[in-house]
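The chain contents come next:
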Amino acid sequence: MSGAIRRFGIRVWLFGVAVAATLPAVLLAGYVGSLWAESERDAQSEQLARRSEAMATAVARRLESASATLAAIAESEAMLRDDFKLVHAHASRLLRRHNSGTAVVLAARDGTQVFNTRWPFGTALSPAHMATLDPVFASGEPYVSDLFKTPSASISVTTVNLPVIRDGRVAYALRLSLEPGILTAVLQEQQLPPDWIGVLIDRSGTIIARTQAAQTYVGHKGVPELLEAAASGERGLYRVVVKEGVAMQAAFSKVPSVGWTAAVGVPEATLEQPLRDSIRVSAVAAVVLLVAGFVAAWLAARVIETQAWALVGAAKALGRGSTPAVPAASVREFQDIGAAVAVAADLLRVRESEGADQRRTALAGNAEAEMANAATRRVRAESRHDLRGPFQARRR
């Protein structure tokens, strides 16, 4: 039939109301959750930046400690007297006591190693690695080298180099070697979360230290994304796929006055975890709210249907002329309908009583009228008889 209205049961309507009431709450929860997840990502990025700065500062302090150790050796009485044997012994004690580095080398301008604490004093030594010492002799300023392999010990080290001045000119250079393990320990002291990675690269982009898999990657070039980031400024954020193949968000900071770069990375999966948690919580909340809404709608529909069918029965009884049994209802509107059915039943009883009285009155009136008519007929009959009597006597 054209224009016919589709009819649904009360349960369908109540289920629809439950969905309509739940959906805005779910959408609001999802929106708030996304804002929370975004704020968590921002907080993680800020934490990354702080961690990289703290790591760069820790490395700088370690290098300053190494410089202080060299300064103490350079200013010792033995050094001033050129008592290099005693200086060798003094430097060895400092290294053992403070774990300041791997070895202390005293080299002359021509590259001759006066002593190397890695070897007993007086051992014949090969020329020093002048690439790390030339800047000291040229400028008269301390110098921190990049990672290189020593010719004598064939190990990779970085060095802190300090000039020893005699008569206003650089006569010697003191060099303190730092193996990658020492700087790796500095990074690990930052106690990064287990899935984060900290890395330290030198000015050439070579990895000096790493919090994870250091033995595998130290001495190798850093990933291109890190090298590009390091060349872009003093600090910043960048995205990188690390050597292990894990996509990370990372922050970098320059080590003050050295030019090295410290970087800290966190897996993108970890950064996205708050968003996934938010989606999971929103989904669970939506399911719980919908189930609760459906259960409440089903219970309400059951009450409404029971009371509605009871009223239907009362209405049918009323239609049959029977006295309807109006049920008690917990729904006010159903109470009103039940009261209306009861009033209608009373009115029908009154009308039926009045109709019965009217019928009885009508029947009594009809009986009286019939009796009057019968009396009239009898009078008429008697009158005709009385009139016929004289005429019949004449004829005789």
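This text follows the structure it describes.
This is a predicted model, so every value here is computed, not measured. (Residues numbered from 1 in each chain as written. Predicted model: local features only at pLDDT ≥ 70, side-chain atom pairs only at ≥ 80, totals over all residues. Heavy atoms only, no water.)

Engineer: Which parts of the structure should I look at to understand the sheet that holds strand S10 (residues 247-254)?
Structural biologist: Hydrogen bonds between backbone atoms are what pair the strands of a sheet, whose relative direction is either parallel or antiparallel. Pairing is antiparallel across the open sheet formed by five strands, whose spatial order is S8-S7-S11-S10-S9. Here the strands that pair on one side only, and so sit at the sheet edges, are strand S8 (207-210) and strand S9 (235-241). Pairs of neighbouring strands in the sheet enclose a mean axial angle of 25 degrees, with direction left out of account. Relative to the sheet, helix H5 (residues 180-188) contacts strand S7 (197-201) and S8, its axis offset from that of S8 by approximately 50 degrees. In the packing of helix H7 (residues 224-232) onto the sheet, the strands contacted are S7, S9, S10 and strand S11 (261-267), and the crossing angle to S9 comes to about 170 degrees. (Pairing = 2+ DSSP bridges. Helix = DSSP H or I, 4+ residues; strand = E, 2+ residues; numbered from the N terminus. Axes fitted to C-alpha atoms, helices over the stretch in contact; angles between N-to-C directions. Contact = heavy atoms within 4.5 Å.)

Engineer: Would you mind going over H7 with me for this structure?
Structural biologist: Turning to H7, its buried residues number three or more, namely Leu226, Ala229 and Ala230. Taken down its axis, H7 places every buried residue within 100 degrees of arc, on the same side. For H7, the exposed residues set more than 90 degrees away from the buried face come down to Pro224, Glu228, Ala231 and Ser232. Looking at the buried positions of H7, the neighbouring elements they touch are S7, S9, S10 and S11. (Buried < 20%, exposed > 50% of the residue type's maximum accessible area, 1.4 Å probe, protein only. Arc of directions from axis to C-beta.)

Engineer: How should the nonpolar core be read in this particular structure?
Structural biologist: Grouped together as the largest cluster of nonpolar side chains are 67 residues, with contacts concentrated most on Val104, Leu174, Leu200 and Trp260. Ranked by the residues each element gives to this core, the list is headed by helix H1 (residues 10-74), at 11 residues. For Val104, the contacting residues outside a window of four places in its chain are Leu70, Ile73, Ala91, Leu95, Phe115, Asn116, Thr117, Leu174, Arg175 and Leu176. Judged by nonpolar contacts, the second largest core, of eight residues, contains Ala107, Leu133, Val136 and Ala173. (Core = buried A, V, L, I, M, F, W, Y, C linked by side-chain atoms within 4.5 Å.)

Engineer: What is the right way to look at a nonpolar patch on the surface in this model?
Structural biologist: A surface patch of nonpolar side chains, amounting to about 430 Å² of accessible area, comprises Val287, Val291, Val295, Trp298 and Leu299. Turning to its location among the elements, Val295 is positioned in helix H8 (residues 268-320). (Patch = residues over 30% accessible without salt bridge, like charges linked within 9 Å, V, L, I, M, F, W, Y side chains within 5 Å. Areas by Shrake-Rupley, 256 points an atom, 1.4 Å probe, with all protein chains shown as cover. Salt bridge = Lys/Arg side-chain N within 4 Å of Asp/Glu carboxyl O.)

Engineer: Any chance you could explain the pairing of strand S2 (residues 113-116) here in plain terms?
Structural biologist: One face of the sheet, then the other: side chains in a regular strand alternate in exactly this way. Pairing of strand S1 (residues 103-108) with S2 involves three bridges; the strand directions are antiparallel. Residue Leu106 lies in a different strand from S2, and its bridge partner there is Phe115.

Engineer: Teacher, can you tell me more about the environment of Arg175 here?
Structural biologist: When you line up the elements, Arg175 lands in strand S6 (residues 169-178). The class of Arg175 is buried, set by a relative accessible area of 6%. It is 6.4 Å that separates the C-alpha atoms of Arg175 and Leu106, two residues lying 69 residues apart in sequence.

Engineer: So what exactly am I meant to see when it comes to the pairing of S9 here?
Structural biologist: In terms of strand pairing, S9 meets S10 through seven bridges, oriented antiparallel. Counterpart to Val241 in the pairing with S10 is Ala247. Where S9 folds back on S10, the antiparallel hairpin that results is connected by five residues, among which Gly245 adopts a positive phi of roughly 85 degrees.

Engineer: Would you take a moment to explain unusual backbone geometry for this structure?
Structural biologist: In terms of backbone geometry, most residues other than glycine have negative phi values and most peptide bonds are trans. If you check the backbone angles, Asp82 has positive phi at about 60 degrees while not being a glycine. Although it is not a glycine, Ala213 adopts a positive phi angle of roughly 50 degrees. Tracing the sequence through the fold places Ala213 in the loop between S8 and helix H6 (214-217).

Engineer: What am I meant to see in the packing of aromatic side chains here?
Structural biologist: One pair of aromatic rings is described through two measures. These are the centre distance and the angle between the planes. For the structure on display, the rule yields two aromatic pairs. When the centroid spacing of 5.4 Å and the interplanar angle of 70 degrees are considered together, the rings of Phe84 and Tyr172 count as edge-to-face. Taken as a pair, Phe84 in helix H3 (residues 84-98) and Tyr172 in strand S6 lie far apart in primary sequence, 88 residues in all. Across the pair, exposure class does not vary: Phe84 and Tyr172 are buried alike. An angle of 55 degrees between the planes, with centres 6.1 Å apart, marks the rings of Tyr238 and Phe252 as tilted. Within this pair, whereas Tyr238 is found in strand S9, its partner Phe252 is found in strand S10, the two being separated by 14 residues in sequence. (Phe/Tyr/Trp six-rings, centres within 6.5 Å; stacked < 30°, edge-to-face > 60°.)

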